[in-house]
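In case you want the letters, here they are:
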Amino acid sequence: MKFSLRQLEAFQAVARTGSVTRAAESLGISQPAASRLLSDFSKSVAVDLFTRKDGILIPTSEARYLLSEVGRVFDSLHHLEELNRDLTERTAGHLRIACLPGFATALLPKLLAGFLEHRPGVRLTLEPDRPERILEWIIGEQYDCGITDEFATHPAVESMDVPIRTVCVLPEGDPLANRDAVTPLDLADRKLIHTRRDSPFFRKLLRAFSETGVEMNSWIEVRQFSTACIIVSQGQGATVVSALDAEQYRGQGIAIVPFEPEINHRLSILRPVSGSRSLLALDFLEAFAESLKPFRAEPAEADTQSI
């Protein structure tokens, strides 16, 4: 059985108007063209579609059954048109984001709430995990984008690096809280909470202490900057973290002071190289990059690749 959508339109129009002439007028085509479409459709289905009574074409019982199915076809097409419009206007779709755990509880919830406010048809999946797992998901194209740190390279992944300023976080009321900047020398007698020793950021921090001639007083090793900030907020130790993470705990028992020498934390935004170019994902990444501007190191390091 082969027929065109135009034939279905002619069949539906004739059933609605009771006349080939009026159906042609409603479709904006000639009467012979409408007759030909109806005739071709009738041959395709091999059943009688209409009977004539008092000059009016009346659908047969078989035709009425077909009309209900044809109506479903056009309802589906209408839905597809609406969906296409929503996708083009970025008001529908499925946005899948993988990120470090700290982002899932700090910056992203507020950002995503605003992003989704005018996109009622958008579904969201936000999955926090460790960097290794995020990379695995992006390579496998299971997520539209990933937010991680200190990404190296991978042939299946394109990345954009954003350098984030570094600050020292101290307990509220600490004598160093009024300084214009805190240096490794200022922290010589402080118990430090820091990221894991195998992280690139820890190596940068250790180098800053070493070049100043100060031995780092390592106390607690953590995976996330947020954990370090929470411990300091309880009046214990000091930490050097990204300004982005520290900002989430401002007003919660901590003091935030610039750290010198400047050692930037490198945030990495990942996308699959071979994945589809989701306009929705690109819109989100633009909004996310905008939200990072207050925390970017200046002058900003060059992006490894624009996303």
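Keep in mind that what you see is a predicted model, and the values were worked out from it rather than measured.

Things to note about helix α1 (residues 5–17)
With 13 residues, α1 should cover 18 Å at 1.5 Å per step; its first-to-last C-alpha distance of 18 Å lies within 8% of that length. For α1, every residue scored as buried is listed here: Gln 7, Leu 8, Ala 10, Phe 11, Ala 13, Val 14 and Ala 15. Just beyond α1, the residue with positive phi is Gly 18, at close to 75°.

As for the state of the cysteines
Taken as a whole and assessed by the stated rule, the structure comprises zero disulfides. In this structure Cys 99 is a free cysteine whose sulfur lies 9.1 Å from that of Cys 145, the closest cysteine sulfur available.

Observations regarding the packing of aromatic side chains
All chains considered together, the criterion is met by seven aromatic pairs. Between Phe 284 and Phe 288, the aromatic rings sit 6.0 Å apart at their centres with planes inclined by 20°, giving stacked as the arrangement. Of this pair, Phe 284 and Phe 288 are both found in helix α11 (residues 279–292), four residues apart, which corresponds to roughly one turn of the helix. Assigned by exposure class, Phe 284 and Phe 288 land together as buried. Site record: aromatic cluster; members linked through ring pairs are Phe 103, Phe 115, Phe 284 and Phe 288. The ring of Phe 115 has Arg 119 sitting right over it, with the charged end atom 3.9 Å from the ring centre.

Thoughts on the packing of helix α2 (residues 20–27) against helix α3 (residues 31–45)
For the pair α2 and α3, the least separation of the axes is 8 Å and the interaxial angle reads 105°. Relative to α3, α2 is oriented roughly perpendicular. Here Val 20, Thr 21 and Ala 24 of α2 lie close against α3, whose contacting residues are Gln 31, Ala 34, Ser 35 and Leu 38. For the contact of α2 with α3, the per-class residue count stands at four nonpolar, three polar and no charged.

Examining the pairing of strand β9 (residues 218–222)
As defined by bridge partners, strand β8 (residues 192–195) adjoins β9 across four bridges and the pair is classed as parallel. The residue bridging Ile 193 from the neighbouring strand is Ile 220, located in β9. Taking the sense of rotation as the criterion, the β-α-β connection linking β8, helix α8 (residues 200–212) and β9 turns out right-handed.

What about the nonpolar core?
For soluble globular proteins, the rule of thumb is that nonpolar side chains tend to be buried together. One finds Phe 103, Leu 108, Ile 147, Leu 187, Phe 284 and Phe 288 to be the most contacted residues of the largest nonpolar core, which totals 66 residues. For this core, the element with the most residues is α11, which contributes six residues. Non-local contacts of Leu 108, meaning those with residues more than four positions away in its chain, are made with Cys 99, Phe 103, Leu 126, Ile 147, Phe 284 and Phe 288. Counting 21 residues, the second-largest nonpolar core is a separate cluster that includes Leu 27, Leu 37, Phe 41 and Phe 74.

With respect to the pattern of salt bridges
For the coordinates displayed, the defined rule picks out 18 salt bridges. In this structure, Arg 133 and Glu 136 form a salt bridge, with 2.4 Å as the shortest nitrogen-oxygen distance. Taken as a pair, Arg 133 and Glu 136 lie in helix α7 (residues 131–139) at a separation of three residues, close to a single helical turn. Judged by its relative accessible area of 44%, Glu 136 is partly exposed.

Reading guide: rules and limits
- Residues numbered from 1 in each chain as written.
- Predicted model: local features only at pLDDT ≥ 70, side-chain atom pairs only at ≥ 80, totals over all residues.
- Heavy atoms only, no water.
- Helix = DSSP H or I, 4+ residues; strand = E, 2+ residues; numbered from the N terminus.
- Expected span 1.5 Å × (residues − 1).
- Buried < 20%, exposed > 50% of the residue type's maximum accessible area, 1.4 Å probe, protein only.
- Disulfide = S-S within 2.5 Å.
- Phe/Tyr/Trp six-rings, centres within 6.5 Å; stacked < 30°, edge-to-face > 60°.
- Lys NZ or Arg CZ within 6 Å of the ring centre and 35° of its normal.
- Axes fitted to C-alpha atoms, helices over the stretch in contact; angles between N-to-C directions.
- Parallel < 35°, antiparallel > 145°, perpendicular 65-115°, else oblique.
- Contact = heavy atoms within 4.5 Å.
- Nonpolar A, V, L, I, M, F, W, Y, C, P; charged D, E, K, R; others polar.
- Pairing = 2+ DSSP bridges.
- Right-handed = clockwise from strand over helix to strand, strands pointing away.
- Core = buried A, V, L, I, M, F, W, Y, C linked by side-chain atoms within 4.5 Å.
- Salt bridge = Lys/Arg side-chain N within 4 Å of Asp/Glu carboxyl O.

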